[in-house]
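Okay, here's what each chain looks like letter by letter:
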Amino acid sequence: EAQVTQNPRYLITVTGKKLTVTCSQNMNHEYMSWYRQDPGLGLRQIYYSMNVEVTDKGDVPEGYKVSRKEKRNFPLILESPSPNQTSLYFCASSLATSGGYNEQFFGPGTRLTVL
Amino acid sequence: AQSVTQLGSHVSVSEGALVLLRCNYSSSVPPYLFWYVQYPNQGLQLLLKYTSAATLVKGINGFEAEFKKSETSFHLTKPSAHMSDAAEYFCAVSVLTYKYIFGTGTRLKVLA
């Protein structure tokens, strides 16, 4: 089954404790992206990656890191989480045909709470 | 810079009534426009997309949207609402890059 998987699905942590949210896709997609969803703000793009070793900032990259060492994986790293990073996080992937008009496939989400 | 505005954070319709969810965009170049739907406790899935091929776009589950350049709008419609349409709907824009801007979402409630 074609899918995007995220782990963990739920996470409660404390301020300053480094964490990683994993994202993996089995569709051989070149493009992957991370979003955060907050009430009243919709989805905001954190980082995206056009291919292995190619990443770029979205609209809200502060406090996050990413890496793309393999085509299928795109982990999101919070080196020192803070309470304002409490949110629902989504990973997405798509083909990378030029122009950015491809359908994005979304994972099920990771609900993160930082105390 | 591009932006997306969704009017109405909550919309209620009766079952069988017309669904109209509004989306206006701002872009200095021709945009790619999308509507995604999010059911409770799930990720987003694509309803339809506009990529300049046709101004009236048909999507899944009976939804369609019309691109109106003069009004910078891309409103989502469905002639007859079904209980299963209750969800949150997001309009999104991409302009020549892989950066996506999503609207703040409209939660659709369908009344029996």
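Residues numbered from 1 in each chain as written. Chains lettered and ligands numbered in written order. Predicted model: local features only at pLDDT ≥ 70, side-chain atom pairs only at ≥ 80, totals over all residues. Heavy atoms only, no water.

Peer 1: How should the interface of chain B and chain A be read in this particular structure?
Peer 2: Note on interface size: it is often stated as the accessible area lost on association of the parts. If you look at the interface, chain B gives 23 residues, while chain A gives 27 residues. Considering only the surface of chain B that becomes buried against chain A, Tyr98, Lys99 and Tyr100 of chain B emerge as the three largest contributors, covering 36% of it. Applying the counting criterion to the chain B and chain A interface returns one salt bridge. A salt bridge links Asp59 of chain A to Lys99 of chain B; the shortest N-O distance between them is 3.8 Å. Where chain B packs against chain A, one counts six residue pairs in polar contact (both at pLDDT 80 or more). Contributions of two or more residues to the side of chain B that touches chain A are made by strand S4 (32-38), strand S5 (44-50), strand S9 (87-94) and strand S10 (100-102) of chain B. At four residues, the largest contribution of residues to the side of chain B that touches chain A is made by S4 of chain B. In terms of residue class, the side of chain B that touches chain A is built from eleven nonpolar, nine polar and three charged. (Contact = heavy atoms within 4.5 Å. Buried area = accessible area lost by both parts, 1.4 Å probe. Salt bridge = Lys/Arg side-chain N within 4 Å of Asp/Glu carboxyl O. Polar contact = N/O pair within 3.5 Å; in protein donor to acceptor, adjacent residues only side chain to side chain. Helix = DSSP H or I, 4+ residues; strand = E, 2+ residues; numbered from the N terminus. Nonpolar A, V, L, I, M, F, W, Y, C, P; charged D, E, K, R; others polar.)

Peer 1: Would you mind showing me how to read unusual backbone geometry here?
Peer 2: The phi angle of most residues is negative, glycine excepted, and most peptide bonds adopt the trans form. Pro8 of chain A follows Asn7 of chain A through a cis peptide bond whose omega is -5°. Look at Asn28 of chain A: it is not a glycine, yet its phi comes out positive at around 60°. Tracing the backbone through its elements, the reader meets Asn28 of chain A in the loop between strand S3 (19-25) and strand S4 (31-38). Here Asn28 of chain A falls in the exposed class, since its relative accessible area comes to 52%. Phi is positive for Thr72 of chain B, which is not a glycine, with a value near 45°. Mapped onto the secondary structure, Thr72 of chain B falls in the loop between strand S7 (64-68) and strand S8 (73-78). A relative accessible area of 31% means that Thr72 of chain B is categorised as partly exposed. (Buried < 20%, exposed > 50% of the residue type's maximum accessible area, 1.4 Å probe, protein only.)

Peer 1: What am I meant to see in a nonpolar patch on the surface here?
Peer 2: All names here are of chain A. There is a patch of nonpolar side chains on the surface, built from Ile12, Val14 and Leu115 and spanning about 320 Å² of accessible area. Looking at the element boundaries, Val14 is found in the loop between strand S2 (10-13) and S3. Overall, the relative accessible area of 44% leaves Val14 in the partly exposed class. (Patch = residues over 30% accessible without salt bridge, like charges linked within 9 Å, V, L, I, M, F, W, Y side chains within 5 Å. Areas by Shrake-Rupley, 256 points an atom, 1.4 Å probe, with all protein chains shown as cover.)

Peer 1: Honestly, the sheet that holds strand S1 (residues 3-7) of chain B in this entry has me stumped. Any pointers?
Peer 2: Paired through their backbone hydrogen bonds, the strands of a sheet run either parallel or antiparallel. Residues and elements named next belong to chain B. Read across the open sheet, the five strands follow the order S1-S3-S8-S7-S6; overall the sheet is antiparallel. What marks the edges here is a single partner per strand, and that holds for S1 and strand S6 (56-58). Within this sheet the neighbouring strands show an average axis-to-axis angle of 20°, counted without direction. In the sheet, S1 pairs with strand S3 (residues 19-26) via five bridges, with the strands oriented antiparallel. What sits directly across from Ser3, in S3, is Ser26. (Pairing = 2+ DSSP bridges. Axes fitted to C-alpha atoms, helices over the stretch in contact; angles between N-to-C directions.)

Peer 1: Help me understand the state of the cysteines, please; the structure alone is not making it clear to me.
Peer 2: Throughout this description, disulfide means a covalent bond between two cysteine sulfur atoms. Under the definition given, this model contains two disulfides over all chains. At a sulfur-sulfur separation of 1.8 Å, the disulfide partner of Cys23 of chain A is Cys91 of chain A. Where Cys23 of chain A bonds to Cys91 of chain A through sulfur, the torsion about that S-S bond is close to -75°, and the disulfide is left-handed. Taken together, the positions of Cys23 of chain A in strand S3 and Cys91 of chain A in strand S9 (residues 87-94) put the pair 68 residues apart, joining distant regions of the chain. You can call Cys91 of chain A buried: its relative accessible area is 0%. Two residues, Cys23 of chain B and Cys91 of chain B, share a disulfide whose sulfurs are 1.9 Å apart. Sign of the S-S torsion, about -65° for the bond between Cys23 of chain B and Cys91 of chain B, identifies this disulfide as left-handed. Remark: Cys91 of chain B occurs in strand S9 and Cys23 of chain B occurs in strand S3; sequence separation between them is 68 residues. For Cys23 of chain B, a relative accessible area of 0% puts it in the buried group. (Disulfide = S-S within 2.5 Å.)

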